Number of protein chains: 2
Amino acid sequence: MELNERKTKILEAIIRNYLESGDPVGSRTLSRYLDIKLSPATIRNEMSDLEEMGYILQPHTSSGRIPSDKGYRFYVDSMMADREKEVSDMHEMVVEKAEELSGLLKQVAKLLADNTNYAALISSPQLHRNKLKFLQLSKVDDGNILAVIVVEGNIIKNKMIEVSEPMDDDTLLKLNLLLNTHLNGLSLEEINLGLITLIKERAGIHSDVIASVRDAVADAIRADEDLEIYTSGANNIFKYPELADNEKASSIISTFEEKNELGQLINESLSRDREKKNGEKTGIQVYIGNESPIESMKDCSVVTATYELGDNMKGMMSIIGPKRMDYEKVAHALKTLQEQLDVLYKK
Amino acid sequence: MELNERKTKILEAIIRNYLESGDPVGSRTLSRYLDIKLSPATIRNEMSDLEEMGYILQPHTSSGRIPSDKGYRFYVDSMMADREKEVSDMHEMVVEKAEELSGLLKQVAKLLADNTNYAALISSPQLHRNKLKFLQLSKVDDGNILAVIVVEGNIIKNKMIEVSEPMDDDTLLKLNLLLNTHLNGLSLEEINLGLITLIKERAGIHSDVIASVRDAVADAIRADEDLEIYTSGANNIFKYPELADNEKASSIISTFEEKNELGQLINESLSRDREKKNGEKTGIQVYIGNESPIESMKDCSVVTATYELGDNMKGMMSIIGPKRMDYEKVAHALKTLQEQLDVLYKK
DNA sequence: TATTAGCACTCAAATTAAACGAGTGCTAAC
DNA sequence: GTTAGCACTCGTTTAATTTGAGTGCTAATA
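Residues numbered from 1 in each chain as written. Chains lettered and ligands numbered in written order. Predicted model: local features only at pLDDT ≥ 70, side-chain atom pairs only at ≥ 80, totals over all residues. Heavy atoms only, no water.

**A closer look at the overall build of chain A**
Just so we agree on the cut-off: Put simply, DSSP H or I for four residues or longer makes a helix, DSSP E for two residues or longer makes a strand, and each gets a number counted from the N terminus. The classification of residues rests on relative accessible area computed with a 1.4 Å probe and restricted to protein chains. Under 20% of the type maximum is buried, over 50% is exposed, and intermediate values are partly exposed. Residues count as neighbours in contact if any of their non-hydrogen atoms are within 4.5 Å of one another. Residue exposure ignores everything except the shown protein chains as possible cover, and the areas themselves are Shrake-Rupley values with a 1.4 Å probe.
Within chain A, the regular secondary structure consists of 11 helices and 11 strands. Out of the 347 residues belonging to chain A, those deemed buried represent 48%. Within chain A, contacts between residues separated by at least 24 positions form 61% of all contacts whose residues are at least 6 apart in sequence. Summing over all exposed atoms, chain A offers an accessible surface of approximately 17200 Å²; the carbon and sulfur share of this is 49%.

**So, the protein's contact with DNA strand D**
The condition that has to hold: Here, proximity means that at least one heavy atom of the residue falls within 4 Å of the molecule or strand. Residues are grouped as follows: Ala, Val, Leu, Ile, Met, Phe, Trp, Tyr, Cys and Pro are nonpolar; Asp, Glu, Lys and Arg are charged; every other residue, Gly included, is polar.
Every one of the 20 residues lining DNA strand D counts as a neighbour, but A:Ser27, A:Arg65, B:Arg6, B:Thr42 and B:Ser62 are closest to it. Near the protein, meaning within 4 Å, the atoms of DNA strand D are sugar or phosphate in a fraction of 80%, with bases accounting for the rest. Among the secondary structure elements, those contributing two or more residues to the surface near DNA strand D are helix 2 (27-33) and helix 3 (40-52) of chain A together with helix 3 (40-53) of chain B. For the surface near DNA strand D, the per-class residue count stands at three nonpolar, 13 polar and four charged.

**As for unusual backbone geometry**
Positive phi, normally seen in glycine, also occurs at A:Lys259, with a value near 75°. Phi is positive for B:Ser62, which is not a glycine, with a value near 60°. Assessed through its relative accessible area of 67%, B:Ser62 is described here as exposed.

**Things to note about the interface of chain B and chain A**
Spelled out, the test is: Summed over both partners, the accessible area (1.4 Å probe) lost when two parts come together is defined as the buried area. By the criterion applied in these results, polar contacts are pairs of N or O atoms within 3.5 Å in which, for protein atoms, one can donate a hydrogen and the other can accept it, and in which residues neighboring in sequence qualify only through two side-chain atoms.
The interface of chain B with chain A comprises 16 residues on the first partner and 16 residues on the second. A buried area of about 1200 Å², summed over both sides, lies between chain B and chain A, and 46% of it is on carbon and sulfur atoms. Summed over the shared surface of chain B and chain A, the result is eight residue pairs in polar contact (both at pLDDT 80 or more). Secondary structure elements with two or more residues in the side of chain B that touches chain A: strand 8 (229-232) and helix 9 (246-258) of chain B. Looking at the side of chain B that touches chain A, the element that brings in the most residues is helix 9 of chain B, giving eight residues. Its residues placed into classes, the side of chain B that touches chain A shows six nonpolar, seven polar and three charged.

**Considerations on the relation of the copies chain B and chain A**
So the rule is basically this: In this comparison the copies share one frame, found by least squares on the C-alpha atoms of residues holding pLDDT of at least 70 in both.
Least-squares fitting of chain B to chain A yields an RMSD of 0.5 Å, with the superposition described by an axial translation of 0.0 Å and a rotation of 179°. The transformation just described matches what one would write down for a two-fold rotation axis. A shared binding surface is used by both copies, with 100% of the interface residues of chain B retained as interface residues in chain A.

**Quick word on the layout of surface pockets**
Applicable threshold: The definitions used throughout rest on a 1 Å grid laid over the protein atoms alone, on which a cavity is an enclosed set of points accommodating a 1.4 Å probe that cannot get out and a pocket is an open set flanked by protein within 12 Å on both sides along at least five of seven lines; lining residues are those having an atom within 4 Å of a point. Grid points are joined across faces, edges and corners, and a volume is the space filled by probe spheres set on the points.
In this structure, the largest pocket encloses a volume near 1900 Å³. Sorting the residues of the lining of the largest pocket by element identifies helix 5 (101-116), strand 8 (229-232), helix 9 (246-258) and helix 10 (260-275) of chain A together with helix 5 (101-116), strand 8, helix 9 and helix 10 (260-275) of chain B as the ones contributing at least two each. Of the residues forming the lining of the largest pocket, the biggest block, six residues, is contributed by helix 5 of chain B. Classifying every residue of the lining of the largest pocket gives 14 nonpolar, 16 polar and 18 charged.

**Thoughts on the pairing of strand 6 (residues 144-151) of chain A**
All names here are of chain A. Basically, it comes down to this: In this analysis, strands are considered paired if DSSP registers two or more bridges between them.
Among the eight residues of strand 6, seven are classified as buried, and the element is accordingly described as predominantly covered. In this structure, strand 5 (residues 132-141) lies alongside strand 6, joined through eight bridges in antiparallel fashion. Its bridge partner lying in strand 6, Lys139 is registered against Ile145. A loop of two residues connects strand 5 with strand 6, the two strands running antiparallel in sequence.

**Some words on the protein's contact with DNA strand C**
Inspection of the region around DNA strand C gives 21 residues, with A:Arg6, A:Thr42, A:Ser62, B:Ser27 and B:Arg44 positioned closest. Expressed as a percentage, the sugar and phosphate content of the atoms of DNA strand C within 4 Å of the protein is 79%. A:Thr42 is positioned such that a nitrogen or oxygen atom in its side chain is 2.6 Å from a phosphate oxygen of DNA strand C. A distance of 3.3 Å separates a base oxygen of DNA strand C from a polar side-chain atom of A:Arg44. Classifying every residue of the surface near DNA strand C gives four nonpolar, 13 polar and four charged.

**Observations concerning the pattern of salt bridges**
Operational definition: A pairing counts as a salt bridge when a side-chain nitrogen of Lys or Arg comes within 4 Å of a carboxyl oxygen of Asp or Glu.
Under the definition given, this model contains 24 salt bridges over all chains. Across the pair A:Glu242 and A:Arg324 runs a salt bridge whose closest N-O atoms are separated by 2.6 Å. Here A:Glu242 is found in the loop between strand 8 and helix 9, whereas its partner A:Arg324 is found in the loop between strand 11 (313-322) and helix 11 (327-344), with 82 residues between them in sequence. Overall, the relative accessible area of 27% leaves A:Glu242 in the partly exposed class. Judged by relative accessible area, A:Arg324 falls into the buried class, the value being 14%. One salt bridge connects B:Arg6 with B:Glu46, and the closest N-O pair in it is separated by 2.7 Å. Placement of the pair is B:Arg6 in helix 1 (residues 5-21) and B:Glu46 in helix 3, with a sequence separation of 40 residues.

**A few points about the packing of aromatic side chains**
Each aromatic ring pair is specified by the distance between its two centres and by the angle formed by the two planes. How we decide: The aromatic pairing rule takes the rings of Phe, Tyr and Trp, using the six-membered ring of Trp, and pairs them if the centres are within 6.5 Å, calling planes under 30 degrees apart stacked, those over 60 edge-to-face and the rest tilted.
On inspection of all chains with the given rule, the structure shows seven aromatic pairs over all chains. Between A:Phe238 and B:Phe238, the aromatic rings sit 6.2 Å apart at their centres with planes inclined by 35°, giving tilted as the arrangement. Here B:Phe238 lies in the loop between strand 8 and helix 9 and A:Phe238 lies in the loop between strand 8 and helix 9, a pairing that spans two chains. Comparing A:Phe238 with B:Phe238 shows no difference in burial state: the two are buried.

**Quick notes on the environment of A:Arg16**
All names here are of chain A. Relative to the helices and strands, Arg16 is located in helix 1 (residues 5-21). Distance from Arg16 to Asn158, taken between C-alpha atoms, is 56 Å for residues 142 residues apart in sequence. For Arg16, the side chain forms a polar contact with the side chain of Glu328, separated by 3.4 Å.

**A look at the domain arrangement of chain A**
All names here are of chain A. Cut-off, in case you're wondering: Domain limits in this description derive from either an automatic procedure or a database domain assignment.
You can read the domains of chain A as domain 1 (5-67), domain 2 (94-127 + 227-344) and domain 3 (132-222). On a C-alpha basis, the centres of domain 1 and domain 2 stand 31 Å from each other. Contact residues are listed per partner, giving six residues for domain 1 and four residues for domain 2. Counting each side, the surface lost to burial between domain 1 and domain 2 is near 340 Å², with a carbon and sulfur contribution of 53%. Contact with domain 2 buries surface across domain 1, with Arg16, Tyr18 and Leu19 losing the most and accounting together for 84% of the total. The interface formed by domain 1 and domain 2 holds one salt bridge in total. In this structure, Glu328 engages Arg16 in a salt bridge whose closest nitrogen and oxygen atoms are separated by 3.4 Å. Linking domain 1 to domain 2 there are one residue pair in polar contact (both at pLDDT 80 or more). In terms of residue class, the side of domain 1 that touches domain 2 is made up of two nonpolar, two polar and two charged.

**Here we look at helix 11 of chain A**
Using the following cut-off: Multiplying 1.5 Å by the residue count of a helix minus one yields the expected span of that helix.
Compared with the 26 Å implied by 1.5 Å per residue over 18 residues, the 26 Å span of helix 11 of chain A between its first and last C-alpha is a close match. Of all the 18 residues making up helix 11 of chain A, 13 are buried; the element is thus mostly covered by neighbouring parts of the structure.

**Focus on the pairing of strand 8 of chain A**
Residue and element names in this part refer to chain A. Burial of strand 8 is two-sided: the residues Ile229 and Thr231 facing one way and the residues Tyr230 and Ser232 facing the other way are all buried. In this structure, strand 3 (residues 119-123) lies alongside strand 8, joined through four bridges in antiparallel fashion. Residue Ile122 lies in a different strand from strand 8, and its bridge partner there is Tyr230.

Dropping the structure here:
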């Protein structure tokens, strides 16, 4: 079946309506709401089709329809394609330059949460150096091997690795080749996987050296140590009945308080952003329901945006709310702050 | 009416029972539960008295009784008097020395929350200097007055105050006397009040100088700048139906996230602790319901304990839960960690 | 062939009613 | 002073009923 123009219109009407009301929407309502004149019966037929195609679903027989994740996805994608609808009812959001970075970030998180009525978070900016560019092991003396590691952004790290027995030049050469072909261009997570296969292939060969190499690379890449996350408006989720029952609220709140799970979201979002650097440039990602990397947010939508402070510092901010959030407003809020942060720290 | 032994026993039985079950407790239940043999009818009479005295109350006519804030207060006070009941069902709580102080504090907060099943928080330790000890203004030259401020812990601060017109020695002497008699021994909050009366009395006299003095004193006293608060287990409140409804949960969660209101609690608790340094020495405070300095916690009980790291660093940790929390267990948990922190950083 | 009116049917949510039961206060007897 | 007895209260539970928004299907219509 094909998603023709009329079906598209109806689908959009369903979603728009549901975003506003939060109630399942039925054929009568749509008949009134649509600009094309169609009887409820006709719309019912179309809705039946749309349901079969997976865009909408019924909470129970004889109720109206609500968008499925697929439906939301369709909506968000087509919304993102239409450039810049103007969003009206939002206060001007103005970031004031703060003395402390932490103050600034707290401010941004609060602005986001207060203006959108969803939960918000922002990460401290991270040095942009997540991929391995080059790796060289050199024999310094019989007991020591020097590892030189270059990561994206041309940051160079040195690490001396002690070995129990000397390694001959030939082996070292091979090992260098092996490591470079396997690991170059990989991020930390991928390197762990890469090393596992590597060790499996060359089982037993200098596996202690390889472990040391991994540690050294991890040190060089990881900037996690100084990752701070500021949250605001977690209690906003209580405004949305579909998230406000104890079970769900508790797990969301807990994720917000623990913060370490949020780290995953940040990494995921930052690395996704890096990948499609060329194409779109807004750096806004939408995760709907199960698309989210965080388990406890499977009933939410998560909208993230990266921001840049000065030259090489990238961070992430995010809005978390119900699936039926006002995506336009949220995207707009994120973009606004993105730009402001950009300008604020431009020297 | 007097709270005789029998009434006391019945009151305690009511409270103990309610702490366990969370349900209003009636005369039949008590009759079975009590060791002295009394018929439900007799107990009803006593309960009626206890209600009149304000220790217990009825959620509605013809329901059992629950403790009032006054009842809880009685219970907690008498409990605190009995030294050290052993508490059984708690895992060993072991704090591991961490590299970073923040890591340590996060760990402690988590231990507290996980072991008690309530919400927990801990503040970073503050330098113990909250009261003004001595204040001296000296004329340096016609345009400048030097303020020397000594606060508790013998920390000395100097501040140069510019004056538009020179002040003669006599006035300065008077002002010194006035300031010292009014402000010595006061904490920051009290100083603000003290200054207001002072200014009222001596209206107009060098009020700009007085304002500068206040700022200088505030600078010297306030250590708030580096106050960090770590929380854990905020979601535990969902385990207690009396706190889990959206309204209450939302405001508690919000307080936990914003953190600045928690600062009040910390100051209040630290300064109370300082006052009764001599008498009790456990440093454990219990705030029941409205006794709490934080508005949003009026349906909770808050138990706080101070801890000392090394020589002059004092911090506060706290457990927040329903009024019917297990006070013994909580007090025990706090004491355990108090001791551990004490030992851990003893040089 | 696409659209629509009509109608029987479904089902969550709201409303009402009845039964239950834990608990009380009061009185009179022990 | 203590207790048994009893009528009464009132929140909770359960079931029955009503309501209403919405559906799918069929047959008539354009």
